[in-house]
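Coordinates in review
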Amino acid sequence: MFGKKLGVVAASIALSSVVLSACGGANGNEGATQNQDAKAAEGKESVSLWMFDADPMYQAAAEATAAEVGVDLNYEYIQDETYKTKISVALAANELPDVFQQHAGKSYRTPVLQSKTVAPLNDTLDSTGLGAKFLDNQLVKEEDGNIYSVPSNISTTLVFYYNKKLMSDLGATPPATWDDLQALVSKADDKGIIPIALGGKERWQGDLLYNLLVARQDVNAFDNAIKGDAKFTDAPFVDAAKQVATLVSSNAFQKGFLGSAYLDAQELFKNDKALIWIDGSFNFGALSKAMGDNLGYIAFPKTGAEDVYSATIGFQNSAAPYSLFVNNSSKHLDKAKEFAIKLSLKLNDEFVRKGLPGYAASEVKSESQNEQLSAYATDISKTAKTQAMWFGLLSADTGQEYRDMTQQLYGGNLTPEEYTAQLETLLRSAE
Amino acid sequence: MERALSDKKLIALFLVPGLTVFLIFYFVPILMTAYYSFQEWDGINPMAFVGLDNYTKMFTADKSFWKAVWNSVAFLLTGVFVQLPLSFGLALLVSRKMKGRKWFRNIYFFPVVMSTTMVSLLWVKIYDPNIGMLNTLLEAAHLGSWAQAWLGDTKTALLSVLIVTTWHYVGYNMLILFAGIQGISEQYYEAAKLDGAVGWKAVRYITLPLLSDVLRICVVLNVIYALKTFESVYVMTNGGPLHSTTMIALKMFQEAFLKQNFGYGSALAVFMVLECLIIAWVLNKVLTREKIEY
């Protein structure tokens, strides 16, 4: 009845007319074609790029790549949460830039592929010979045999950070077991120190902590349950939910943590108000810079039957990693493809330079790592399994409902048994 | 010129461009949204007609929908029964011929000129249970037991947001009411004074009745604002914790743009449009009465 693009634009206008003033921040959807006519007049092709990573490294790498490829770059950084909204509207309306970054996980990758707006990169990967530089399984081949994306981030995992100064003030040592953790929580709480800072407003931190607690109970619990070989009401899920309830009831998290934004909670940790911070390994650099030697790291304690090297929770998802895609309507498609692939490799060089394991071959030498990052790299190399965060394996609506439900567990609205029963219903029906 | 102004066809002709733009950018999207509300659609794949399923889900299966409706009612009642009386009181105060009244008027109006996002972020910091000013002040005043996790507790989150929106917009209504009060002739008060109507009696029998049209406008504006509230809630709580501050507009945003349920999001949008129209119409009917003249 209506054209898809017209439909999405009209729906967006109507839905947004009342609400979107707070979600702005970035400029409107310029899309791939804006500024390109002006640039073309100057005789140089231009490539527009949308990124959500705030690290200045990304813009620097993009600018260097643009110079190498010989294009003008229209770089637009968009705040992470705003990006998720903006990209979904741009996808549906086919108002994408030439190249764009996308989050890891099925709920983010599937709509990109279904929209049929992204170009296969096989030809450029083959013709330039750059495809051979990527390590095995780092380029995701879709069902039609095409490769539609190149990586934009290395594998990152959930990390247990602690504040060394506060740990020392307490006369305590980092916890190795569930009992240690409980004792440490109790000790910190008694001394008026926030045991664990948690940004409950965005929900993902609590969600990932629960994922990890389940993996510590049984490393294969989620995989078995999602395949139908086990249930989400089985012991590992219930026991981990009980651990969450125990942490909440023992004041492990700051007052009002359900309403705390991630960045506000992080400030508590950085400013010596909170002892423990559970966050992604992508924050090692920023936290080290802010806290110096005060930043401590340990492998997540043995809170269940599994040992500390049995598994970790990964933000990446091998089938749906953080990626760069190229808009197949780009006016300079070939240049855009070349730019995306070279940018991916340039970013890889930057990761390798920082001493992190890259996703492609690199001639760059690693700079020396700080002690904590070295310990993390060693631990990760010993870790047997990286369980992708559950949210990344679910569709957008199921994922959001799942996070809402997990927040209810943290809020005490659901008992561990009620929570796991609802989890079973939700995830089973989503299958 | 007078001939032109009496020519209805010419007037209609001049109205056409504006009306066309209005129809294209206002009515067409609303009609299309109504159409999408009968579909299951993720914004990318083809739509599937589902009839009234989205509306059935809204009224029967979505628990947070009714929470959002109740929260809208709470915003509405607060706007009419708390914010408006406060605004009226302030308007009366700044109408009095006293020293510095201009200054007070500007102070009370000042929050209105600040953006909602800025105000909301400011109050998020004030309410912060760990480092916020409010709890610190309470503790300094030896009222530490009153300290709360204001925005992080389901029991206090809605009230905390309502306080902020009341504080933010009380000056807006104050200014409208102040302008209304300024329009009431002094003669009425002088005549009333002769009959012994001073102070509260003058307010009750002169100011309020002559201000009824302005009050009606304020009520309608407050109600519509309450039903459409989004920005302050989005910034302060994002509808949480546990949906305790969720609103219809926020749910609509989350369904359409986060869950990619454009069909259900459209159904919520349609509900909100109808809700606003019906309540505004009812208010106009109920509050309209013959103009009072003394």
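As the structure is a computational prediction, the values presented were derived from the model and not from experiment.

Reading the values: rules and limits
Residues numbered from 1 in each chain as written. Chains lettered and ligands numbered in written order. Predicted model: local features only at pLDDT ≥ 70, side-chain atom pairs only at ≥ 80, totals over all residues. Heavy atoms only, no water. Helix = DSSP H or I, 4+ residues; strand = E, 2+ residues; numbered from the N terminus. Contact = heavy atoms within 4.5 Å. Areas by Shrake-Rupley, 256 points an atom, 1.4 Å probe, with all protein chains shown as cover. Lys, Arg positive; Asp, Glu negative; His and termini not counted. Charge placed at Lys NZ, Arg CZ, Asp CG, Glu CD. Buried < 20%, exposed > 50% of the residue type's maximum accessible area, 1.4 Å probe, protein only. Expected span 1.5 Å × (residues − 1). Pairing = 2+ DSSP bridges. Axes fitted to C-alpha atoms, helices over the stretch in contact; angles between N-to-C directions. 1 Å grid on protein atoms, 1.4 Å probe; cavity = no way out; pocket = protein on both sides within 12 Å on 5 of 7 lines; lining within 4 Å. Points joined across faces, edges and corners; volume = space filled by probe spheres on them. Nonpolar A, V, L, I, M, F, W, Y, C, P; charged D, E, K, R; others polar. Right-handed = clockwise from strand over helix to strand, strands pointing away. Salt bridge = Lys/Arg side-chain N within 4 Å of Asp/Glu carboxyl O. pLDDT = per-residue confidence, 0-100. Disulfide = S-S within 2.5 Å. Patch = residues over 30% accessible without salt bridge, like charges linked within 9 Å, V, L, I, M, F, W, Y side chains within 5 Å. Parallel < 35°, antiparallel > 145°, perpendicular 65-115°, else oblique. Arc of directions from axis to C-beta. Phe/Tyr/Trp six-rings, centres within 6.5 Å; stacked < 30°, edge-to-face > 60°. Lys NZ or Arg CZ within 6 Å of the ring centre and 35° of its normal.

What follows deals with the overall build of chain B. Within chain B, the secondary structure is distributed over 14 helices and 2 strands. Of the contacts made within chain B by residues no fewer than 6 positions apart, 66% connect residues no fewer than 24 positions apart. For chain B, the accessible area works out to roughly 16,100 Å², and carbon and sulfur atoms hold 69% of it. Charged side chains of chain B number 24 positive and 18 negative; the gap between the two group centres comes to 7 Å.

With that settled, the discussion passes to the environment of Ala176(A). All names here are of chain A. By the secondary structure assignment, Ala 176 is in the loop between helix 7 (164-170) and helix 8 (178-190). For Ala 176, a relative accessible area of 43% corresponds to the partly exposed category. Once residues lying within four places of it in the same chain are set aside, the contact partners of Ala 176 are Pro 301 and Lys 302.

Residues and elements named next belong to chain A. If you check helix 17 (residues 416-430), its first and last C-alpha atoms are 21 Å apart, about what 15 residues at 1.5 Å a residue would give, namely 21 Å. All buried positions along helix 17 are accounted for by Pro 416, Tyr 419, Thr 420, Leu 423, Glu 424, Leu 426 and Leu 427. Elements that come into contact with the buried residues of helix 17 comprise helix 9 (204-217), helix 10 (221-227), helix 11 (235-249) and helix 16 (396-410).

For the rest of this paragraph, the subject is the sheet that holds strand 4 (residues 149-151) of chain A. All names here are of chain A. Read from one edge of the open sheet, 5 strands run 2-1-3-10-4, paired in mixed fashion. Each having just a single partner strand, strand 2 (72-77) and strand 4 make up the two edges of the open sheet. The average undirected angle you get between the axes of adjacent strands in this sheet is 25°. Pairing of strand 4 with strand 10 (residues 323-326) involves 3 bridges; the strand directions are antiparallel.

Glancing now at unusual backbone geometry. Residue Pro241(B) is reached from Gly240(B) by a cis peptide bond, and omega for that bond is -10°. Relative to the helices and strands, Pro241(B) resides in the loop between helix 12 (231-236) and helix 13 (248-258). One non-glycine residue, Asp272(A), lies in positive phi territory at about 60°. Assignment of secondary structure puts Asp272(A) in the loop between helix 12 (262-270) and strand 7 (274-280). On the basis of relative accessible area, Asp272(A) is assigned to the partly exposed category, the value being 29%.

Turning our attention to the layout of surface pockets. To find leftover empty space, one rolls a probe the size of a water molecule over the atoms. Residue and element names in this part refer to chain B. Estimated volume of the second largest pocket: approximately 700 Å³. Forming the boundary of the second largest pocket are 20 residues, of which Ser 95, Arg 96, Glu 186, Tyr 189 and Ala 202 lie nearest the centre. Taken together, the residues that form the lining of the second largest pocket break down as 10 nonpolar, 4 polar and 6 charged.

All names here are of chain A. Extensive coverage of strand 1 (residues 46-51) is indicated by the burial of 6 of its 6 residues. Of the strand pairs in this sheet, strand 1 and strand 2 are connected by 6 bridges, and their pairing is parallel. Within strand 2, the residue paired with Ser 48 across the bridge is Asn 74. Chirality of the crossover, the property in question, places the unit of strand 1, helix 3 (residues 56-69) and strand 2 among those that are right-handed. Sheet topology note: the strand 1/strand 3 (residues 99-102) ladder contains 2 bridges and is parallel. Following the sheet pairing, Leu 49 is matched in strand 3 by Val 99.

Residues and elements named next belong to chain A. As summarised here, the arrangement of the 4 strands in space is 6-7-5-8, forming an open sheet in which the pairing is mixed. The strands lining the two open edges of the sheet, one partner per strand, are strand 6 (194-197) and strand 8 (295-298). Across the sheet, the mean angle separating the axes of adjacent strands is 25° when strand polarity is ignored. Helix-sheet contacts for helix 8 involve strand 5 (158-163), strand 6 and strand 7, and the interaxial angle to strand 7 is about 130°. The strands touched by helix 9 are strand 5 and strand 7; relative to strand 7, the strand with the most contacts, the crossing angle is about 85°.

Residue and element names in this part refer to chain A. In this structure the tally under the stated criterion is 18 salt bridges over all chains. Its salt-bridge partner being Lys 270, residue Glu 267 comes within 3.6 Å of it at the nearest N-O pair. With Glu 267 and Lys 270 both in helix 12, this residue pair falls 3 residues apart, about one helical turn. The exposure class assigned to Glu 267 is partly exposed, which follows from its relative accessible area of 34%. A salt bridge links Arg 353 to Glu 350; its shortest N-O distance comes to 3.3 Å. One end of the pair, Arg 353, and the other, Glu 350, are both in helix 14 (residues 333-353), 3 residues apart, so they sit about a helical turn from each other.

Take the confidence of the model for chain B next. Residue and element names in this part refer to chain B. Scored by pLDDT, chain B has a mean of 90; 97% of the residues are at 70 or more. Ranking the elements of chain B by mean pLDDT puts helix 1 (residues 2-6) last with 73 and helix 3 (residues 53-61) first with 95. Interface confidence in the predicted complex, given as ipTM, is 0.76; pTM for the same model is 0.81.

Before going further, it helps to spend a moment on the pairing of strand 9 (residues 311-314) of chain A. All names here are of chain A. Of the two faces of strand 9, the one carrying Ala 311 and Ile 313 and the one carrying Thr 312 and Gly 314 are both buried. Sheet analysis places strand 9 next to strand 11 (residues 385-388), joined by 4 bridges and oriented parallel. Bridge pairing in strand 11 places Ile 313 opposite Gln 387.

All names here are of chain B. Enumeration according to the criterion identifies 0 disulfides over all chains in this entry. Cysteine Cys 218 shares no disulfide, and the gap to the nearest cysteine sulfur, in Cys 276, comes to 17 Å. Look at Cys 276 and you get buried, because its relative accessible area is 13%.

By secondary structure assignment, the location of Thr303(A) is in the loop between strand 8 and strand 9. Apart from residues lying up to four places away in sequence, Thr303(A) is in contact with Trp178(A), Leu213(A), Arg216(A), Gln217(A) and Gln243(A).

This brings us to a nonpolar patch on the surface. Residues and elements named next belong to chain B. A grouping of Val 273, Leu 274, Leu 277, Ile 278, Trp 281, Val 282, Val 286 and Leu 287 is seen on the molecular surface, where their side chains present a nonpolar patch of about 750 Å² in accessible area. As for its placement among the helices and strands, Leu 287 is situated in helix 14 (residues 262-287). Judged by relative accessible area, Leu 287 falls into the partly exposed class, the value being 33%.

This part is about the packing of helix 4 (residues 63-95) of chain B against helix 5 (residues 101-113) of chain B. All names here are of chain B. Where helix 4 meets helix 5, the axes come as close as 9 Å, and the angle between the chain directions of the two elements is 155°. Taken together, the axes of helix 4 and helix 5 lie roughly antiparallel to each other. Mapping the contact onto sequence places Leu 90, Val 94 and Ser 95 in helix 4 and Arg 101, Phe 104, Arg 105 and Tyr 108 in helix 5.

Attention now moves to helix 3 of chain A. Residue and element names in this part refer to chain A. Its 14 residues give helix 3 an end-to-end C-alpha distance of 20 Å, which sits within 8% of 20 Å, the value for a rise of 1.5 Å per residue. The set of residues buried in helix 3 consists of Met 57, Tyr 58, Ala 61, Ala 62, Thr 65, Ala 66 and Val 69. Each buried residue of helix 3 sits inside an arc of 165° when the element is viewed along its axis, so together they form one side. Turned more than 90 degrees away from the buried face of helix 3, the exposed residues are Pro 56 and Ala 67. Taken together, the buried residues of helix 3 touch strand 1, strand 2, strand 3 and helix 14.

One pair of aromatic rings is described through two measures. These are the centre distance and the angle between the planes. All names here are of chain B. Going through the model one piece at a time under the given rule, you end up with 49 aromatic pairs over all chains. Both rings, one in Phe 38 and one in Tyr 55, keep their centres 5.7 Å apart while their planes meet at 45°; by these two values the pair is tilted. With Phe 38 in the loop between helix 2 (8-36) and strand 1 (39-40) and Tyr 55 in helix 3, this residue pair connects regions lying 17 residues apart in the sequence. Phe 38 gets classed as partly exposed once you look at its relative accessible area, which sits at 28%. The exposure class assigned to Tyr 55 is buried, which follows from its relative accessible area of 15%. With a centroid separation of 5.2 Å and an interplanar angle of 15°, the aromatic rings of Phe 230 and Tyr 234 are classed as stacked. The class for Phe 230 is buried, based on a relative accessible area of 3%. Ring pairs connect the aromatic residues Tyr 35, Tyr 36, Trp 41, Phe 230, Tyr 234, Phe 253, Phe 257 and Phe 262, which therefore count as one cluster. The side chain of Lys 57 reaches across the aromatic face of Tyr 264, ending 4.2 Å from its centre.

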